[in-house]
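Secondary and tertiary structure notes
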Amino acid sequence: MIRATDKAKADRLHSKALDIREGNAFGLWVPIMRHLALRGHQAAMIDLAAWFSQSNRLADLGSPADSFSAAGLYRRAWRHGNAYAAQHLAMSCFNRGDLQGYRHWLGHSARAGDPDAKRELLRFEIRLPHANARKVRRLRPFARRDEVV
């Protein structure tokens, strides 16, 4: 866990890693993110997990028991209090067609304080209007209720 005194330093290091990833600086960003993730930096865990699971395949997501798989990183970030980590894991489950896992992690995200997950859980749908839903044959047309309020 990162101490409060080290939080500013870790945030600067995270910003540097993001600059490297975007091509605005020189260096290797993955070792920096791994270093931060080992020390409990939530944003680094989520960025690293998103990079690991870009293809939405089950093999790329890994197991929550493996601390440096995408699922393990999302789970650790959620355990540290990050509601959006559970939201990411829910969407990864949805994109793979695992609706039980989708609802499970959506519930965790809603209980952790994510208002979008809470609203989505109240009107649980098995069809969504985003591009990855088309890949798993669960696309529905965009509706007025999908607009950001």
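First things first, this report covers the structure right here in the doc. Just so we're clear, the structure is a prediction, and the values are computed from it rather than from any experiment.

**A look at the overall build of the protein chain**
- Counting its secondary structure elements, the protein chain contains nine helices and zero strands.
- Sequence-ordered secondary structure for the protein chain, helices as α and strands as β, is α-α-α-α-α-α-α-α-α.
- Buried residues in the protein chain amount to 39% of all 149 residues.
- Sequence separation of at least 24 residues holds for 41% of the intrachain contacts in the protein chain that already meet a minimum separation of 6.
- Counting every atom, the protein chain has about 9,100 Å² of accessible surface; 53% of that belongs to carbon and sulfur.

**Remarks on the packing of helix α6 (residues 83-96) against helix α7 (residues 99-111)**
- Two numbers describe how α6 lies on α7: the axes approach to 8 Å, and their chain directions differ by 170°. As judged from the angle between their axes, α6 and α7 are roughly antiparallel. Here α6 and α7 pass one another in a crossing that is left-handed. Two secondary-structure elements touch here, α6 through Ala 83, Ala 86, Gln 87, Leu 89, Ala 90, Met 91, Cys 93 and Phe 94 and α7 through Leu 99, Gly 101, Tyr 102, Trp 105, Leu 106, His 108 and Ser 109.
- Looking at the contact of α6 with α7 residue by residue, the class counts come to 11 nonpolar, four polar and no charged.

**Observations regarding the nonpolar core**
- Among the nonpolar cores identified, the biggest contains 34 residues, and Leu 48, Leu 73, Tyr 102 and Trp 105 are the most heavily contacted of them.
- At the level of secondary structure, the elements contributing two or more residues to this core comprise α1 (4-22), α2 (29-38), α3 (42-52), α5 (70-79), α6 and α7.
- Setting aside chain neighbours within four positions, we find Leu 48 in contact with Trp 29, Val 30, Met 33, Arg 34, Ala 37, Phe 68 and Leu 73.

**Some remarks on the packing of aromatic side chains**
- Using the criterion set out here, one finds three aromatic pairs in the structure.
- Pairing Trp 29 with Trp 51 gives two aromatic rings, centres 5.1 Å apart and planes at 75°, and the pair type is edge-to-face. On the criterion of sequence distance, the pair formed by Trp 29 in helix α2 and Trp 51 in helix α3 is long-range, its members being 22 residues apart.
- Residue Trp 29 is classed as buried on the basis of its relative accessible area of 13%.
- Look at Trp 51 and Phe 52: their rings are 5.5 Å apart centre to centre, the planes differ by 40°, and that puts the pair in the tilted class.
- Put simply, the rings of Trp 29, Trp 51 and Phe 52 touch in pairs and so form one group of aromatic residues.
- The side chain of Arg 21 reaches across the aromatic face of Trp 29, ending 5.4 Å from its centre.
- When the ring centre of Phe 68 is taken as reference, the NZ or CZ atom of Arg 34 above it lies at 4.3 Å.

**Quick notes on the environment of Ser 92**
- Position of Ser 92 relative to the elements: it lies in helix α6.
- Relative accessible area serves as the criterion here: at 7%, Ser 92 is assigned to the buried category.
- Taking the C-alpha atoms as reference points, Ser 92 and Leu 61, 31 residues apart in sequence, are found 7.9 Å from one another.

**Observations regarding the pattern of salt bridges**
- Per the stated rule, a full pass over the model turns up three salt bridges.
- The partner of Glu 22 in a salt bridge is Arg 21, with the nearest N and O atoms 3.7 Å apart.
- Between Asp 116 and Arg 119 there is a salt bridge, with its nearest N and O atoms 2.6 Å apart. Taken together, the residues span about one helical turn, with Asp 116 and Arg 119 both in helix α8 (residues 115-122) at a distance of three residues.
- Under the relative-accessibility criterion, Asp 116 is labelled partly exposed at 42%.
- The partly exposed category is assigned to Arg 119, whose relative accessible area is 43%.

About the cut-offs
Residues numbered from 1 in each chain as written. Predicted model: local features only at pLDDT ≥ 70, side-chain atom pairs only at ≥ 80, totals over all residues. Heavy atoms only, no water. Helix = DSSP H or I, 4+ residues; strand = E, 2+ residues; numbered from the N terminus. Buried < 20%, exposed > 50% of the residue type's maximum accessible area, 1.4 Å probe, protein only. Contact = heavy atoms within 4.5 Å. Areas by Shrake-Rupley, 256 points an atom, 1.4 Å probe, with all protein chains shown as cover. Axes fitted to C-alpha atoms, helices over the stretch in contact; angles between N-to-C directions. Parallel < 35°, antiparallel > 145°, perpendicular 65-115°, else oblique. Left-handed = near helix turned anticlockwise from the far one by under 90°. Nonpolar A, V, L, I, M, F, W, Y, C, P; charged D, E, K, R; others polar. Core = buried A, V, L, I, M, F, W, Y, C linked by side-chain atoms within 4.5 Å. Phe/Tyr/Trp six-rings, centres within 6.5 Å; stacked < 30°, edge-to-face > 60°. Lys NZ or Arg CZ within 6 Å of the ring centre and 35° of its normal. Salt bridge = Lys/Arg side-chain N within 4 Å of Asp/Glu carboxyl O.

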